[in-house]
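Read off the chains here:
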Amino acid sequence: MGKALEGVKILDFTHVQSGPTCTQLLAWFGADVIKVERPGIGDITRGQLRDVPDADSLYFTMLNHNKRSITLDTKNPKGKEVLTRLIETCDVLVENFGPGVLDRMGFPWEKIHSINPKMIVASIKGFGPGPYEDCKVYENVAQCTGGSASTTGFPDGVPLVTGAQIGDSGTGLHLALGIVTALYHRTKTGQGQKVTAAMQDGVLNLCRVKLRDQQRLAHGPLTEYSQYGEGIPFGDAVPRAANDSGGGQPGRILKCKGWEKDPNAYTYFITQAPVWESICDVIGEPGWKTDPNFATPKARLPRLNQIFERIEQWTMTKTKFEVMDILNEYDIPCGPILSMKELAEDQSLRATGTVVEVDHPKRGKYLSVGNPIKLSASPSEVTRSPLLGEHTEEILRDVLGYKDNEVAAIRGAGALDPAPKRAAAE
Ligand code: COA
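Presented here is an overview of the structure given in this document. Quick caveat: nothing in here was measured; it's all calculated off a predicted structure.

What counts and how
- Going along each chain's sequence as written, the residues are numbered from 1 onward.
- Only residues with pLDDT of 70 or above have their local features reported here, since the model is predicted, and side-chain atom pairs are shown and tallied only from 80 upward, although totals for entire chains, interfaces and linings are computed over all residues.
- Note that water and hydrogens are dropped before the side-chain values are worked out from all heavy atoms of the structure.
- The near set for a molecule or strand comprises every residue that places at least one heavy atom within 4 Å of it.
- Think of a polar contact as two N or O atoms within 3.5 Å of one another; within protein, one of them needs to be a possible hydrogen donor and the other a possible acceptor, and neighboring residues in sequence only count if both atoms come from side chains.
- Shrake-Rupley sampling with a 1.4 Å probe provides the accessible areas, and residues are treated as covered by the protein chains on show and by no other component.
- Following the grouping adopted for this structure description, the nonpolar residues are Ala, Val, Leu, Ile, Met, Phe, Trp, Tyr, Cys and Pro, the charged ones are Asp, Glu, Lys and Arg, and the polar ones are all others, Gly among them.
- Two rings from Phe, Tyr or Trp (for Trp, the six-membered ring) form a pair when their centres sit within 6.5 Å of each other. Planes less than 30 degrees apart are called stacked, planes more than 60 degrees apart edge-to-face, and all others tilted.
- What counts as a helix is a DSSP run of H or I of at least four residues, what counts as a strand is a run of E of at least two, and both are numbered from the N terminus.
- Exposure is judged per residue with a 1.4 Å probe applied to protein chains only, and the accessible area is read against the type maximum: over 50% gives exposed, under 20% gives buried, and values in between give partly exposed.
- Only C-alpha atoms enter the line fits that serve as axes; for helices the fit covers just the stretch in contact. Angles between N-to-C directions range over 0 to 180 degrees.
- Angles below 35 degrees are treated as roughly parallel, those above 145 as roughly antiparallel, those between 65 and 115 as roughly perpendicular, and all remaining angles as oblique.
- Should the near helix be turned counterclockwise from the far one by less than a right angle, the crossing is left-handed, whereas a clockwise turn marks it as right-handed.
- Residue contacts are defined here by distance: any two heavy atoms, one from each residue, within 4.5 Å place the two residues in contact.
- Strands were regarded as paired on the criterion that DSSP finds at least two bridges between them.
- Any Lys or Arg side-chain nitrogen found within 4 Å of a carboxyl oxygen on Asp or Glu counts as a salt bridge.
- Buried residues of nine kinds, namely Ala, Val, Leu, Ile, Met, Phe, Trp, Tyr and Cys, make up a nonpolar core once their side-chain atoms join them within 4.5 Å.

### Regarding the site of the ligand
Stage number 1. Inspection of the region around the ligand gives 23 residues, with S18, L72, G98, K136 and V137 positioned closest.
Stage number 2. The side chain of R38 places a nitrogen or oxygen atom 3.4 Å from an oxygen atom of the ligand.
Stage number 3. One of the side-chain N or O atoms of K136 is found 2.4 Å from an oxygen atom in the ligand.
Stage number 4. Here the ligand has 930 Å² of accessible area as a free molecule, and 85% of this is covered by the chains.
Stage number 5. Among the residues making up the shell around the ligand, the classes are represented as nine nonpolar, seven polar and seven charged.

### Focus on the packing of aromatic side chains
Stage number 1. Under the definition given, this model contains five aromatic pairs.
Stage number 2. Ring geometry for F13 versus F97: centroids 5.3 Å apart, planes at 50 degrees, classification tilted. Of this pair, F13 sits in strand β1 (residues 9–13) while F97 sits in the loop between β4 (92–95) and α4 (101–104), placing them 84 residues apart in sequence. Of the two residues, F13 and F97, neither departs from the other in class, the shared state being buried.

### Thoughts on the packing of helix α17 (residues 392–399) against helix α18 (residues 404–412)
Two measures define how a pair of helices packs: the angle their axes make with one another and the distance between the axes.
Stage number 1. Following both chains from N to C, one finds α17 and α18 inclined at 135 degrees, their axes separated by 10 Å at the closest point. If you check the angle between α17 and α18, you find them oblique. Between α17 and α18 the crossing geometry is right-handed. Of the residues in α18, those touching α17 at E393, L396 and R397 are D404, V407 and R411.
Stage number 2. Residues that form the contact of α17 with α18 fall into these classes: two nonpolar, no polar and four charged.

### What about the side chain of S245?
Stage number 1. Here S245 shows up in the loop between α10 (226–229) and β7 (251–255).
Stage number 2. A polar contact of 2.9 Å, which involves the side chain of S245, links it to the backbone oxygen of Q249.
Stage number 3. Not counting chain neighbours up to four residues away, the residues in contact with S245 comprise G251 and Y268.

### Quick notes on the sheet that holds strand β3 (residues 67–71)
Stage number 1. Ordered in space as β3-β2-β1-β4-β5-β6, the six strands form an open sheet in which the pairing is parallel. For this open sheet the edge positions go to β3 and β6 (194–198), each flanked by a neighbour on one side alone. Averaged over all adjacent pairs, the angle separating strand axes in this sheet is 20 degrees, with direction ignored.
Stage number 2. The sheet contact formed by strand β2 (residues 32–37) and β3 spans five bridges and is parallel. Of the residues in β3, the one forming a bridge with K35 is S69.

### Considering the pattern of salt bridges
Stage number 1. If you walk through the whole model with that rule in mind, you get 24 salt bridges.
Stage number 2. Taking the shortest distance from any N to any O, the salt bridge between E381 and K3 comes out at 3.2 Å. A residue pair is termed long-range when its members are at least 10 positions apart, and E381 in the loop between β11 (364–369) and α17 and K3 in the segment before β1 qualify at 378 residues.

### Looking at unusual backbone geometry
Stage number 1. The residue V16 is not glycine, and still its phi comes out positive at about 60 degrees.
Stage number 2. Here V16 shows up in the loop between β1 and α1 (18–28).
Stage number 3. Overall, V16 belongs to the buried group, its relative accessible area being 14%.
Stage number 4. In this structure, L49 is a non-glycine residue whose phi angle is positive, near 55 degrees.
Stage number 5. Inspection of the secondary structure assignment puts L49 in the loop between β2 and α2 (58–61).

### Some thoughts on the nonpolar core
Stage number 1. I10, L26, V92, V94, L175 and I179 are the most contacted members of the largest nonpolar core, which totals 30 residues.
Stage number 2. If we skip the residues at most four places from it in the chain, L26 touches L5, I10, A31, A176, I179 and V180.
Stage number 3. The next biggest cluster of nonpolar side chains, apart from the first, holds 29 residues, and it includes V82, I395, V399 and L400.

Given below as structure tokens:
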């Protein structure tokens, strides 16, 4: 069975997290992803947060599956020739360099477009055009400047960043969609184009409901926020909403049995209006179904603390999994707080390939997150990340058609190896 993106060649200039997330997805869908790395150095994450000496870190391996690696010094004249051949041959160039790097390398969009008018050039930057366009940006900067941090946390606490990498991996996802869309457009026009995704924009897109609430504020307080029921006045910007649900249904994280020792013995409980009567039955408060203080969503708003305290009395008598089993029978939505340990051991996630075990020649077996997007006719097999420069000669010969003597000449010109190795060879 052919993969959905089989035949698409990606010239992958990405590094760290945001760009590699994007190209890994494309690789899982069948694209041939050729990762270009600096000789001797490679993607900086290969050496970051190392847990096994001399082996590529999990940071790197978990973001670069199914790719091939070529080392190439793109500032070397011979390296530039090889890069030109790669541009002629590939369909998409993906990069998340700092602002201006491609231009300084001698390959601005105009030049790439003139070499290969069909090429799609896809870029992630921290900010779009404007006052911050020249800034380098990492995950938490994007979370802070995209509206996530100001709306995450407790109303009386400092802004918080979230563990979900919405700035990096989130923007990588956005870019992948842009690339596939541009590929589809190219089938009709034959033309490449530039695709850009700024991390600030990606985070703001994911915080859409908070911009919704910002505008609602102009028309009165946000009644579904807990602080409304608690009588705390609103300021002129959307406040942090603790664990309130963004959809307007009151929700909280509540303790479950064992919470005293287990930091994850909690569940998310939503008092969704359509299932209110079932909630009253389950927690042993049938009288609340008709009591005018509790019977309607509006009546409940000023009493949310009392209501959730009562529900928590019930959830504390059950484990988070028992809570889930009981509530699901009544179609009451809830979410046990699953630890990374529990997710790593979850057999149903293993069965679907969302959690996979991968073997690596230097580090042995490790767990990774597989492709979370399932295509019935293009299933993903996760293969290990490449070693630095593992496919250099294979790509030069098989993809670019260089003969052995030409490969030797490129190597001799110092385009494939780090400077010290070159010096020793000379
Ligand atoms: N051969 C020769 N030189 C190479 C090379 C190669 N194969 N690959 C990269 N380089 C050089 C570049 O030419 C550039 O050199 P220059 O600054 O002299 O022009 C340098 O390596 C890379 O620069 P940069 O991308 O700015 O790396 P950095 O480590 O200084 O900054 C980031 C890292 C992530 C902050 C920056 O890349 C960035 O802001 N990216 C966009 C936003 C982003 O994706 N952030 C999230 C990352 S998870």
